[in-house]
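A closer look at the structure
Residues per chain, in single letters:
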Amino acid sequence: VSVLYCNTHFPIFWGVFFPPKMSGQKMATLAIHAGAHEPNAHNTVIPPIATASTFVQESIDGNGEYYYSRCANPTRAAYERALTQLEGGVYATATASGMAATALVLELLPKDAHVIAAEGVYGGTHRLFEKLKRKTSGLRVTYVDFTKPECVESCVTPETKLIWVESPSNPLLRLTDIREICRIAKANDITTCVDNTFATAWNQQPLSLGADIVMLSTSKYIGGHSDLIGGALITNRQDIAEELDFVKTAVGAIASPFDSYLALRGLKTLDLRMTKQCSNAGKIAVHFEHHPKIREIHYPGLSSHPQHDLCKKQMASGGAVVTVRLASDLSGTRKFLASLKYFILAESLGGIESMVNHTASMSHGSMSPAEKETVGLFDSTLRFSVGAEDPADLIEDIERALGAI
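Before going into details, it helps to say that this report is about the structure given with it. (Residues numbered from 1 in each chain as written. Predicted model: local features only at pLDDT ≥ 70, side-chain atom pairs only at ≥ 80, totals over all residues. Heavy atoms only, no water.)

1. Considering the sheet that holds strand β8 (residues 294-298)
Reading across from one edge, β8-β9-β12-β11-β10 is the order of the five strands in this open sheet, with mixed pairing throughout. Across the chains shown, the open sheet's two edge strands, defined by having one partner strand only, are β8 and β10 (344-345). Bridge count between strand β11 (residues 355-358) and strand β12 (residues 381-385): four bridges; the pairing is antiparallel. Counted as the bridge partner of H358 is L382 from β12. (Pairing = 2+ DSSP bridges. Helix = DSSP H or I, 4+ residues; strand = E, 2+ residues; numbered from the N terminus.)

Here is the structure:
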């Protein structure tokens, strides 16, 4: 396996783990060809957008493969086949958003279920858990340090039905030993769901590490162009597949044909984009690791990261996100953001263009100030979603903005 190095000889990819062969194909080949060459009416190279809400049936003796698009749609089916193959599952359902996918997982749980989740979980997930599901279904969630599997194990109760894993976490990029957490879950008959949004199957395959379900916000790296909203769930368990298929049909939180088409098109360049974006992120992290105006830098690809060894074991690279805490206050952070040229201040991440997120007011804005401080989020915490531009331009952009504070 080739190892790529940046200018400082920092290894961006490790030979110990590289996007593996799946279905006899390497990741770059699979991303292009997965789910795309099923027969269709006109033998098109790219699956067409089937906007029909309903389909002609030959008789009353049973429905055909497609009969109503809430249940199944040809464009969405092609996209779901690709996701299934990419993550190494047996089933995928594409949803209207990442949060819709998360909500579908919670629909698998009984009333008053107990869930274990990581401290500092994505703000939208926290909001769904605490401000909706706690009220409507009696959901109880215990938040613990997932960097210590023994802490997770100590929280297991007879009512624990789900362990929700986010690795790397948003935005501090803490890693979870997925294999070890899944071992704990299986020993206690608990379902595990891994939010694989930041990594994608290009960087890690949670199902192969023992997870039951993978959740994706496909608005990010799967689509890759900041032009769609979507989510997905993939499983390698037939029993969960059957449950999810029923729930997604009953609830109807499905991806539209057009968003499915955009996501499938974006998926074809996943390897190209991730190779470039993860390489850029590694170079940025190395360059600013000891900068005097940066108080903290979070990037698991750095050898100084406390979970660097786990990163090398579990992931193909350190990822395409770098999170920093500026050595400044809110006023200085505002000056920094106003001075950026290429990094766009925006919600979300994963597009080919570089973006910066002010986590305290944006991605984690629904958390209280005390909750943010507890998990290590401050007014000067910034999450950089590194794009595919020239890395020298991105480094210069950050340097110039740091000069303003």
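2. Some remarks on the nonpolar core
With 52 residues, the main nonpolar core has L83, L86, F146, I163, I234 and L270 as its most contacted residues. In this structure, I163 is in contact with I116, F146, V152, I181, A185, I190, T191, T192 and C193, ignoring residues within four places of it in sequence. (Core = buried A, V, L, I, M, F, W, Y, C linked by side-chain atoms within 4.5 Å. Buried < 20%, exposed > 50% of the residue type's maximum accessible area, 1.4 Å probe, protein only. Contact = heavy atoms within 4.5 Å.)

3. A word on the environment of V45
Its place among the elements puts V45 in the loop between α1 (27-33) and α2 (74-87). In this structure, the C-alpha to C-alpha distance between V45 and N203, residues 158 residues apart in sequence, is 27 Å.

4. Description of helix α3 (residues 98-106)
Of all nine residues making up α3, seven are buried, and the element is well covered by its neighbours. One side-chain oxygen at the N-terminal end of α3 lies 3.4 Å from the backbone nitrogen of M99; it belongs to S97. (Polar contact = N/O pair within 3.5 Å; in protein donor to acceptor, adjacent residues only side chain to side chain.)

5. So, unusual backbone geometry
The omega angle of the peptide bond from S167 to P168 is -5°, so this bond is cis rather than trans. You can see P168 is positioned in the loop between β4 (160-166) and α6 (178-187). Look at the link from N170 to P171: it is a cis peptide, with omega at 10°. Mapped onto the elements, P171 comes out in the loop between β4 and α6. At D189, a residue that is not glycine, the phi angle is positive and equals roughly 55°.

6. Comments concerning the packing of aromatic side chains
Counted by the stated rule, this structure contains five aromatic pairs. With a centroid separation of 6.2 Å and 90° between ring planes, the pair formed by F129 and W164 is classed as edge-to-face. Note that F129 is positioned in helix α4 (residues 123-137) and W164 in strand β4, a separation of 35 residues in sequence. For F129, a relative accessible area of 0% translates into the label buried. Overall, W164 belongs to the buried group, its relative accessible area being 0%. Here the aromatic rings of F343 and F384 are separated by 5.1 Å at their centres, their planes lie at 80°, and the arrangement is edge-to-face. Taken together, the residues span a long stretch of sequence, with F343 in the loop between α12 (330-339) and β10 and F384 in strand β12 at a distance of 41 residues. The burial state of F343 is the same as that of F384; both residues are buried. The rings of F336, F343 and F384 are connected pair by pair, giving a single aromatic cluster. The ring of F378 carries R325 above its face, with NZ or CZ at 3.7 Å from the centroid. (Phe/Tyr/Trp six-rings, centres within 6.5 Å; stacked < 30°, edge-to-face > 60°. Lys NZ or Arg CZ within 6 Å of the ring centre and 35° of its normal.)

7. Some words on helix α14 (residues 391-402)
Along its 12 residues, α14 runs 17 Å from first to last C-alpha, staying within 8% of the 16 Å computed at 1.5 Å per residue. Those residues of α14 hidden inside the fold are in contact with α10 (270-288), β8, β9 (321-326), α12 and β12. Here α14 starts with a cap whose side-chain oxygen sits 2.8 Å from the backbone nitrogen of A392, and that cap is D390. (Expected span 1.5 Å × (residues − 1).)

8. With respect to the side chain of T160
When you line up the elements, T160 lands in strand β4. According to the relative accessible area criterion, T160 is buried, its value standing at 3%. Looking at T160, its side chain comes within polar contact range of the side chain of H114, at 2.7 Å. Within the local environment of T160, its side chain forms a polar contact with the backbone nitrogen of T157, the two atoms lying 2.8 Å apart. Not counting chain neighbours up to four residues away, the residues in contact with T160 comprise H114, I116, C155 and I190.

On their own, these measurements won't tell you what the molecule is for.
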